[in-house]
Amino acid sequence: MVTEKLKGRDFLRLQDFTKQELETMLELGLQLKADNAMRRAHDDLLPRRTLFMMFFNPSLRTRNSFEAGIFQLGGHGHFLEPSSTRLPTLEGEDMGYASERISDVARVLSRMGDAIAIRILGDVVGWEYDKSYRIIEEFAKWSHVPVINMEDNKYHPCQGMADAMALWELFGKDLRGRKIGVTWTWGSSPKKPIAPHHDFLYMASLFGADVVFSRPPEMRIDPGIEENIKANAAASGGSYRVSETMEDACENADVVYAKNYVALDLLPPVTSQPEKDEMVKLFGKYKNWIADEARMNLAKPTAQYMHCLPCERGAEVTNGVLDGKWGEACFNEAENRLHAQKGVMAAIMH
Amino acid sequence: MVTEKLKGRDFLRLQDFTKQELETMLELGLQLKADNAMRRAHDDLLPRRTLFMMFFNPSLRTRNSFEAGIFQLGGHGHFLEPSSTRLPTLEGEDMGYASERISDVARVLSRMGDAIAIRILGDVVGWEYDKSYRIIEEFAKWSHVPVINMEDNKYHPCQGMADAMALWELFGKDLRGRKIGVTWTWGSSPKKPIAPHHDFLYMASLFGADVVFSRPPEMRIDPGIEENIKANAAASGGSYRVSETMEDACENADVVYAKNYVALDLLPPVTSQPEKDEMVKLFGKYKNWIADEARMNLAKPTAQYMHCLPCERGAEVTNGVLDGKWGEACFNEAENRLHAQKGVMAAIMH
Amino acid sequence: MVTEKLKGRDFLRLQDFTKQELETMLELGLQLKADNAMRRAHDDLLPRRTLFMMFFNPSLRTRNSFEAGIFQLGGHGHFLEPSSTRLPTLEGEDMGYASERISDVARVLSRMGDAIAIRILGDVVGWEYDKSYRIIEEFAKWSHVPVINMEDNKYHPCQGMADAMALWELFGKDLRGRKIGVTWTWGSSPKKPIAPHHDFLYMASLFGADVVFSRPPEMRIDPGIEENIKANAAASGGSYRVSETMEDACENADVVYAKNYVALDLLPPVTSQPEKDEMVKLFGKYKNWIADEARMNLAKPTAQYMHCLPCERGAEVTNGVLDGKWGEACFNEAENRLHAQKGVMAAIMH
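Residues numbered from 1 in each chain as written. Chains lettered and ligands numbered in written order. Predicted model: local features only at pLDDT ≥ 70, side-chain atom pairs only at ≥ 80, totals over all residues.

For the pair chain B and chain A, the superposition axis carries a translation of 0.0 Å, the fit reaches an RMSD of 0.0 Å, and the rotation angle comes to 120°. Considering both components of the superposition, the chain copies are consistent with a three-fold axis. (Least-squares fit on C-alpha atoms with pLDDT ≥ 70 in both.)

What follows is the structure, given as C-alpha cells:
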C-alpha cells in the first residue's frame, strides 16, 4: 500500500498514477465497502469537508455516488450546474456577465471547500475531442484543492476504478489468464462517449487480462491510449488483440464489455464540426453488433456482461442479457462507483 | 403500536397499511415533533442514510419536508430532477441516450442508498390517470430499498398522513362525532391533482369522522377509492355522505377541507387526451364554489379551514379565510408533512 | 461585543444594525475562520438546523458559501430555485397554480426550518429598483425565523460584511487614514447590480476610511444610501468625496474597488421600463474606465484591487491587475463570504 504521495493530488487520469497507487485507492475503497456492509461508520474520515460537484452534463450514477460518498465520509457535496452558477469559460470564450473565467471560479471554490469534481463532455464543448479535458486541466491549474475528473470526452477514471473493482471481485486482483472481451456495439444516437471504453481497457490491461477488443474498422479508439494499453499488457503479462468481428471478443470470454461509442473520425478535430448524420449512417451498417444471448453463449458459462450504464436496451444489449444471468456484474460495477470514489476521496483529500 | 412488519416496506398507498400500522407511524412522527420542540436530537435514527428524492414536478412542501426530515434523522436527501439525470422510462418508451429504463435506475439507486422517493403526476405523464402510479410501482418492483410515493395522479399518502396528524391535534385520535366537510372549489387552471382529496377523505373516514363531501355533479372522485372511504366509515363508526351543494359540507362543520381538483371525466383514460379547454369551461359554471367567510360562518365557531397548499387565493379560498381565524390548521397541516414523513421514514427504512 | 439583541433578528440591510453589532458578527466570523484554519470543528453551533436558500438568480459565491457555511455549523442548506418550487409572488401578481403567495411560502418554510435566505434582483423583477427588496421584506413579514438578504437590487449586506472583513485583514479594524478608492468601470452588459457598491461604500465609511468615489456624471448611486455614507464618514472620523475622474479614486489609494454597475436613471421607477440599449450606449462613452496596470500604479505600491466577483476581464479589470500583485485581496474578499456569513448565522439563528 503506497500512500505517501496521494494527499493533495488531483485525480484527472488513470495515467497519472502508478499501478500501486491505483491499487491502494481500490483497496481503501474495498475497506469502506466492507464498512458499509456492516454499517460501520466512517464519517470521521473527511468531517465537514465540502466537495463541489460541477456537472455540465446529466448524470445519475456519478452524481449520486459522489453525493452519497462524500456524505458517508463526513462531508457534503454541492450539486452545481452551469445554469445555476454562470458558465465557467476559458480565456477568449467569455460571455460578459453570463460567464466567469475558470481561473476565478477555481480559485474561489478552492477557498471555500476541499475538492472540485467536474463532468464535461459532448455537446457542451461541441464534441471537440481534447477541449473538455483541457477545461478540467484549467481548473486543476488554478485550484488549490484536488480536482477530480468525473468524465470528459477522453477519460473517465472514476469509472475505470469501479470497473477494476468489479473485475477484482469476480477474479481477484490478478487478471492473468482471464479473457476480457471488449466490443463496440450499435447505438441509435451519435452521443455516447468513448471515455468508458478507454479506461476499461486501461484497467483490464493493467491488471494482466488477455484483452480482445472488437470493433468495426471505422471505430478506432484514441491511438495514444491504445499505446498505453499495449504497454500495460506487456508489463503485466497480459495481452491485447484487436479484431473486426464481435464474436472474437465474446468467444470463451470471462467478461464481455459491450457498449456503443462515437466515431472519432467524424468529430473535431478530425472534422470541422460533429458529423452526426454521417455517424448515425455509419452506425447503421453495424446494427447487428449487439450483446445478445447468442453471443453471450459463446462466452464461458460463468461469463458476465459489463457496461458502465446507462445502456440502450435493444441497441447495445438485449433485455435477456442484462436482466438474465449475465447482468449482475453490471450493477456491481455501478455500485462500485460509490466505493471506488470513496477510496479516491479518502486518499487524496486533506 | 404495531411495528413488526414495517421495516423494509414501501410506502406507496395508505391502502397498503392497516389502521394500526398507520397509527404507529403517526405516533412515531408525533414523538419526533415533540423532540424537535425540545431540540432533542434524533440524528442517530438513520445515520448516514441516503434518501433519493426524484421530482418530476415542482414542489415546495414535499421537497423541503423530506430534505429537512431525513437530515434531522441523520441522513441526507438527494434532490433529483429528470433534467439533471435522464428520464426514467417504462419499457416501450425509451428515448435512446436521453432516457434510462426504470428497472436500471431503480437497481442502481437501491445499491447506492437507502430509500427512493418519487413524485410524478399531471402533464409529465400526459394526465394518464393510472400511469403515474404504474411508474412508481415499477420503481418499487426493481428497488431493493423502500420506495416512497411523494404523490401521483391518484394517491398522496404522505399528505394523508399529515392531514391525519393535523386532525388528531385538533380533536384527538378518535374523530367520531366530528363533522368534517370536504368540498371541491373552483380553480382557474385544469391542473390541480385529485390525489389530496382522495387521501384526506381516506383518513377522515378511517378515524371515524362524519364526512360530508360536496362537489358539482361532474366532479366525481375515483370510484374505487370511494368504496374504500365507505368501508372505512362503516368500520370506524363514522359516516360518508355526498352532496352537490357546497353549503352542505360547511354547515356545522368542525373542519372544512376545500380545494379544486381536475375532472376525471375529461382526462385519459376516459378521454383520449386531456380536455383542458373543456375543463376550464366546466369549472366556469361553478365559480361561486369558494371557501369564503360567509360559508365558513356556517361552520362551528371553532371550525378550521384545511387545504394541502399551495392554494389559489380568490379561487379556492379568500384571503379572509386563510389569513383569518380559520387558517391556522392549514399551516399545521403543512408543517406536519415534516413530522409525519419522519415517522414513516423512521419506521420503514433500515 | 454586543450580542443581546441578535438572536432571532433578520439580516436584511447593514443599516438595520449598529456598528457594534456588525463588529460583533464580523468578530464571530473571524473566530470561525481561525477555527477552520486549525480544523477545529464547530458543528455544534447550529446542529441539525435547516437553512432555505432561495435563488431567483444565478450564484457561485453566495450559494457555495452559504451551503458550505451552514454545513460547517452543523446544519444543512436547501438549494431552492423558483423553477423547482413555484414562483413566490406578492398579492396581485399570482399566476394560478404556477405561483404561490409569499405569505404562504414564508409561513410554511418557517415551520420546516430555521432561516430563509433569498437572492432576487435584476431581470426577474423587471429591474424595478425597490421591488426586489420589497419581496424580501414580505418574506420577513411572514416568516417566524430569520430572513437573510442574499442580494437585491439595492442591498448586498453579506457582501458588505465580507468586504469589511477583507479590509480589516489588510489594515485592522480602524480604517482612519486609509484611502479607499471606489469607482465605476465600464462593462459590456446593462446587468450588473449596484448593490455591491452601496454596501462596500457603507462599510468603508463606517470604519473611518477616506473614501474617494469616482464615476461618470450619469452614474449616480442611491441618494438615500449616499446620505448614510456621509453620516458614517462624519461619525467615524473618515471622509467621503465624489469625483468624475477615475484617476482620483486610484491616486495614492490603499485599495481600489472598481466595478461596473447599472445606471439607475435608465431603470424603473425613473423610466417606465429598463432602457438597456440606452444604457449600453451610455456605457460606451466610458469604455476607458477600466482598472488597468497604469491606474493601479497610481495607487500606493502595496495597494490591492477589490471586486466582489464575478468580474468582466477586459472591461472592468485587466488580467494583469487581477492575476498580478494587486489581485490577492479580491480572493480573500470572496473567501470571506464564507466566514462572515457564518458569523451572521451563528449570531442570529436560534
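More follows now that the structure is in view.
All names here are of chain B. Between helix α5 (residues 157-171) and helix α6 (residues 195-206), the shortest axis-to-axis distance is 8 Å and the interhelical angle comes to 45°. The pairing of α5 with α6 is recorded here as oblique in orientation. The hand of the α5/α6 crossing is right-handed. On α6, the residues touching P157, Q159, G160, D163, A164 and L167 of α5 are P196, D199, F200, Y202, M203 and A204. (Axes fitted to C-alpha atoms, helices over the stretch in contact; angles between N-to-C directions. Helix = DSSP H or I, 4+ residues; strand = E, 2+ residues; numbered from the N terminus. Parallel < 35°, antiparallel > 145°, perpendicular 65-115°, else oblique. Left-handed = near helix turned anticlockwise from the far one by under 90°. Contact = placed C-beta atoms within 7 Å.)

The next subject is the interface of chain C and chain A. Frequently, the measure chosen for interface size is the accessible area that the parts lose on association. Every contact between the two is made by 25 residues of chain C and, on the other side, 22 residues of chain A. Those elements giving two or more residues to the side of chain C that touches chain A turn out to be α2 (61-72) and α12 (328-348) of chain C. Looking at the side of chain C that touches chain A, the element that brings in the most residues is α2(C), giving seven residues.

With that out of the way, let us pick up the interface of chain B and chain A. If you look at the interface, chain B gives 22 residues, while chain A gives 25 residues. Among the elements of the structure, β1 (50-55), β2 (76-80), β4 (99-101) and α3 (102-112) of chain B are those that each provide at least two residues to the side of chain B that touches chain A. The residue inventory of the side of chain B that touches chain A, partitioned by class, reads seven nonpolar, seven polar and eight charged. (Nonpolar A, V, L, I, M, F, W, Y, C, P; charged D, E, K, R; others polar.)

Residue and element names in this part refer to chain A. Their axes nearest at 7 Å, the elements helix α6 (residues 195-206) and helix α7 (residues 223-236) cross at an angle of 15°. Comparing the axis directions of α6 and α7 gives the class roughly parallel. When you trace α6 past α7, the crossing you get is left-handed. Residues H198, L201, Y202, S205 and L206 of α6 form the contact with α7, whose participating residues are I225, N228, I229, N232, A233 and S236.

Residues and elements named next belong to chain C. Position of G208 relative to the elements: it lies in the loop between α6 (195-206) and β8 (210-214). Looking at G208, the number of C-beta atoms within 10 Å reads 20, which means it is buried. G208 has contacts with D174, L175, R176, S236, G237 and G238, leaving out every residue within four places of it along the chain. (Buried ≥ 20, exposed ≤ 12 C-beta atoms within 10 Å, placed from the backbone.)

Moving on: the domain arrangement of chain A. All names here are of chain A. Taken as a whole, chain A is organised into domain 1 (14-154 + 337-348) and domain 2 (159-334). Across the boundary between the two partners, domain 1 contributes 23 residues, which contact 23 residues of domain 2. Elements supplying a minimum of two residues to the side of domain 1 that touches domain 2: α1 (19-37) and α12 (328-348). Ranked by the residues each element gives to the side of domain 1 that touches domain 2, the list is headed by α1, at five residues. Split by residue class, the side of domain 1 that touches domain 2 holds ten nonpolar, six polar and seven charged. (Domains from an automatic or database assignment.)

Residue and element names in this part refer to chain C. The strand order β9-β8-β7-β10-β11 describes an open sheet built from five strands, whose pairing is parallel. Whereas interior strands pair on both sides, the edge strands pair on one side only; in this sheet they are β9 (239-243) and β11 (304-306). Strand after strand, the sheet turns through a mean of 20° between neighbouring axes, direction not considered. As defined by bridge partners, strand β10 (residues 255-259) adjoins β11 across three bridges and the pair is classed as parallel. Directly across from V256, in β11, lies its bridge partner Y305. Against the sheet, α12 makes contact with β10 and β11, and its axis sits at roughly 45° relative to β11, the strand it touches most. (Pairing = 2+ DSSP bridges.)

Moving on, we get to α6(C). Side chains that are three or four residues apart share a direction in an α-helix, a result of its 3.6 residues per turn. Residue and element names in this part refer to chain C. If you check α6, its first and last C-alpha atoms are 16 Å apart, about what twelve residues at 1.5 Å a residue would give, namely 16 Å. Along α6, the residues classified as buried are A195, P196, H197, H198, D199, F200, L201, Y202, M203, A204, S205 and L206. Immediately beyond the C-terminal end of α6, within one or two residues, lies G208, with a positive phi of roughly 95°. (Expected span 1.5 Å × (residues − 1).)

Think of a sheet as strands paired side by side through backbone hydrogen bonds, with each pair either parallel or antiparallel. All names here are of chain B. If you walk across this open sheet you meet the four strands as β2-β1-β5-β6, and the pairing is parallel. The open sheet has two free edges, formed respectively by β2 and β6 (147-149), since each of these has just one partner strand. Going from strand to strand, the sheet's axes swing by 20° on average, the running direction of each strand aside. Bridging between strand β5 (residues 115-119) and β6 involves three bridges; their strand directions are parallel. Paired with A117 across the strands is I148, a residue of β6.

Counting residues in each nonpolar core, the largest one holds 360 residues, and the members touching the most others are V256(A), Y305(A), V256(B), Y305(B), V256(C) and Y305(C). Leave out the neighbours within four places in its chain, and Y305(B) touches V256(B), A258(B), A291(B), M296(B), V317(B), V321(B), L322(B), W326(B), G327(B), A329(B) and C330(B). (Core = buried A, V, L, I, M, F, W, Y, C linked by C-beta atoms within 7 Å.)

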